[in-house]
Amino acid sequence: MSQKRTTVKAHPNIAFIKYWGNAIPDLRLPSNGSISMNLQGLDTVTSLSENNKGAFHSLEINGEKQDSIKTKRISAFIEKARELYGFSGYLDVRSQNNFPMGAGIASSASAFAALATAINDFYALDLSEKEISALARLGSGSACRSIPDGFTMWKTGTTHEGSYATSIVPVNHWELYDYILIVNKDEKKISSTEGHHLSATSPFQSVRIHDAKRRLKICKSAILDKDFEKLSDIIELDSDMMHAVMMTSNPPITYWQPDSIAIMKKVRALRKRGIACAYTMDAGPNVHVICTASDLNKVKENFKQFKGIDQALLAKTGFGARVIQP
Ligand code: PMV
């Protein structure tokens, strides 16, 4: 008899209103709510099967067996899921990504979204979308936003069960593109987990959190109304506010590189010329250029000869995590 296996596909997401800092770090309960878009075209495919070799979980990424340090975070996550849902056994986790990891593209979001969805299917836990989202959050906060479809909102919540993401609108509501300009695809030096801890040391963090509800409201209504101009202003402001916190933390974290700044300036100049594009950056030096389907080619054209770009990736509004092979 062939071994039982579950395979799931999940996408990372790009935050329009960012999550930076936890109110309760152990549960990854965020200091502020956030909004994001799933990134179809950047895929994580994860499969689970029983590990018969011993009482431990094993992890393989892109065909490479991971050492115990890299496996630790995944194992800790599976053990938390076990505590909550009481299943037994150890797992072989095999994951494939078609995009560079740890470079400001949320590979941990798609990784834990895929894993939470796969655990639910593999152990037939019959969890709701909200419960799977809350479970994914325990692995990586932003992973909870990769569970529902399209554009999603994660409200803070005050308990484990109460902190999950839901869909604002489905995929077909608005086709937006994320043209990701990779200025440096090396692994970043400071992880987002470390960054969340440092956020409270910035005098700007309380201001950023205090203003978050206002930004969330504007961003949500821009998505509902498909108002790109309104969306551009709010996502650029939100990204700049998060990076201001990062740069003023103690010790400071500066993800921006000269090439990142040049790209952001170019994006603003293009918008002035009537091209519908806006920038946002996560915890890395790469710039996500968000644009409409109708202006995508103009954006691509304008960055074709731009110096300092190693590689460009393309993604569009995508689905949430799905079982693709039960
Ligand atoms: O989920 P984490 O712990 O990797 O944090 C994600 C942080 C940002 O990507 C910078 C912002 C966000 O909301 O995705």
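Everything below is about the structure printed above this text.
(A) Here's a closer look at the packing of aromatic side chains. Under the definition given, this model contains eight aromatic pairs. Residues Y19 and W154 carry aromatic rings whose centres are separated by 4.7 Å and whose planes lie at 65 degrees to one another, so their mutual orientation is edge-to-face. Within this pair, whereas Y19 is found in the loop between strand 2 (13–17) and strand 3 (22–24), its partner W154 is found in strand 10 (residues 151–154), the two being separated by 135 residues in sequence. Accessibility classification places Y19 together with W154 in one group, the buried group. For the pair F77 and F112, a centre-to-centre distance of 5.1 Å together with 70 degrees between the ring planes defines the contact as edge-to-face. One end of the pair, F77, is in helix 1 (residues 68–85); the other, F112, is in helix 2 (residues 107–122), with 35 residues separating them in the sequence. A relative accessible area of 2% places F77 in the buried class. Taken together, the ring pairs connect F16, F151, W174 and F228 into an aromatic cluster. In this structure, K4 is placed above the aromatic ring of F122, and the distance from its NZ or CZ to the ring centre is 4.3 Å.

(B) Region of interest: the environment of R214. By the element assignment, R214 lies in helix 6 (residues 212–225). Exposure remark for R214: the relative accessible area of 42% places this residue in the partly exposed category. It is 27 Å that separates the C-alpha atoms of R214 and D26, two residues lying 188 residues apart in sequence.

Scoring rules and cut-offs
- Residues numbered from 1 in each chain as written.
- Predicted model: local features only at pLDDT ≥ 70, side-chain atom pairs only at ≥ 80, totals over all residues.
- Heavy atoms only, no water.
- Phe/Tyr/Trp six-rings, centres within 6.5 Å; stacked < 30°, edge-to-face > 60°.
- Helix = DSSP H or I, 4+ residues; strand = E, 2+ residues; numbered from the N terminus.
- Buried < 20%, exposed > 50% of the residue type's maximum accessible area, 1.4 Å probe, protein only.
- Lys NZ or Arg CZ within 6 Å of the ring centre and 35° of its normal.

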